[in-house]
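# Coordinate analysis (summary)
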Amino acid sequence: QRRVAASFVVVIGLGGVGSHCAHMLLRSGVSHLRLVDFDQVSLSSLNRHAVATRGDVGISKAECLAAHFRQIYPEATLDVRVAMYDEAAEEELLGGAPDFVVDCIDNIDTKVHLLAACVRRGIRVLACGGAGAKCDPTRVRIVDIAESVVDPLARAVRHRLKRDHGAHRGERR
């Protein structure tokens, strides 16, 4: 539990997947979270977001989570970044020696740049694949992206990582 509490985790993309992930990390005792998203809570995203309510519509997803998280775990260090990940923001968003990055981005270009940066920096990363229209949680698998065979998002990312960054099947850097 001490190791979990001492962890510094960056969660990038705070929509339907990322907001739930960050929420569970906080409730699991992770005491230092960097919350990154450029977008705002909207009426159409309320059904997917972990903690947002109608009163949160119009505020940034990162600020929304942080406000709720402060009520749950006031001692946690919450580093809120209302930003979109891109190569120019790499140091700002990945700096500070995080123990882990959780990639909950749904844009292929952005996801590829983030994963390549994490590999270059030696940061462990969990990349979330496509979750849309999935309804059987018993079929969720945690595998190396090279082993993902069904997810179209993972397939596209794997192809781009190979093409643009020379990543090869099963390669660990």
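First, a word on what this report is: a plain description of the structure on this page. In this text the structure is predicted, and so the values were computed from the model without any measurement. (Residues numbered from 1 in each chain as written. Predicted model: local features only at pLDDT ≥ 70, side-chain atom pairs only at ≥ 80, totals over all residues. Heavy atoms only, no water.)

## Description of the overall build of the chain
Within the chain, the regular secondary structure consists of six helices and five strands. Shown N-terminal to C-terminal, the secondary structure of the chain runs as helices and strands in the order α-β-α-β-α-β-α-β-α-β-α. Over its C-alpha trace the chain gives a radius of gyration of 16 Å, about what one expects of a compact globule, namely 16 Å for 173 residues. Along the first, second and third principal axes, the C-alpha set of the chain runs to 45 × 35 × 35 Å. Looking at the chain as a whole, 43% of its 173 residues qualify as buried. (Helix = DSSP H or I, 4+ residues; strand = E, 2+ residues; numbered from the N terminus. Rg over C-alpha atoms; globule rule 2.2 N^0.38 Å. Buried < 20%, exposed > 50% of the residue type's maximum accessible area, 1.4 Å probe, protein only.)

## A few points about the state of the cysteines
Disulfide: a covalent bond connecting the sulfur atoms of a pair of cysteines. Summed over the entire model, instances satisfying the criterion amount to zero disulfides. Take Cys21: it sits in no disulfide, and the sulfur closest to it among the cysteines is that of Cys104, at 4.9 Å. For the unlinked cysteine Cys104, the closest cysteine sulfur is that of Cys128, found at 3.8 Å. (Disulfide = S-S within 2.5 Å.)

## Remarks on the side chain of Asp37
With respect to the helices, strands and loops of the structure, Asp37 is situated in the loop between β2 (32–36) and α3 (61–72). With no salt bridge to any partner, buried Asp37 finds its closest opposite charge in Lys61, at an N-O distance of 4.7 Å. Reaching out from Asp37, the side chain makes a polar contact with the backbone nitrogen of Leu14 at a distance of 2.6 Å. Excluding anything up to four places from it in sequence, Asp37 contacts Gly13, Leu14, Gly15, Lys61, Ala62, Arg81, Val82 and Ala83. (Lys, Arg positive; Asp, Glu negative; His and termini not counted. Salt bridge = Lys/Arg side-chain N within 4 Å of Asp/Glu carboxyl O. Polar contact = N/O pair within 3.5 Å; in protein donor to acceptor, adjacent residues only side chain to side chain. Contact = heavy atoms within 4.5 Å.)

## Remarks on helix α2 (residues 18–27)
In terms of burial, α2 is a largely internal element, seven of the 10 residues being buried. The set of residues buried in α2 consists of Gly18, Ser19, Cys21, Ala22, His23, Leu25 and Leu26. Check the buried side of α2 and you find it contacts β1 (8–12), β2, α3, β3 (77–81) and β4 (100–103). In the segment just after α2, Gly29 is the residue with positive phi, at about 110°.

## Some thoughts on the sheet that holds β2
Read across the open sheet, the five strands follow the order β3-β2-β1-β4-β5; overall the sheet is parallel. Two strands in the sheet have a free side with no partner beyond their single neighbour: β3 and β5 (124–127). Across the sheet, the mean angle from the axis of one strand to that of its neighbour is 15°, orientation sign disregarded. The sheet contact formed by β4 and β5 spans four bridges and is parallel. By the bridge assignment for β5, Val101 is matched with Val125. α3 contacts β2 and β3 of the sheet and is inclined by roughly 165° relative to β3. (Pairing = 2+ DSSP bridges. Axes fitted to C-alpha atoms, helices over the stretch in contact; angles between N-to-C directions.)

## Notes on the environment of Asp99
Considering the arrangement of structural elements, one finds Asp99 in the loop between α4 (90–94) and β4. Among the residues examined, Asp99 registers a relative accessible area of 31% and is labelled partly exposed. In this structure, the C-alpha to C-alpha distance between Asp99 and Gly130, residues 31 residues apart in sequence, is 24 Å. Residues in contact with Asp99, not counting those within four places in the same chain, are Ala6, Ser7, Phe8 and Arg124. Within the structure, the side chain of Asp99 is placed 2.7 Å from the backbone nitrogen of Phe8, a separation counted as a polar contact.

In short, geometric facts, not functional conclusions.
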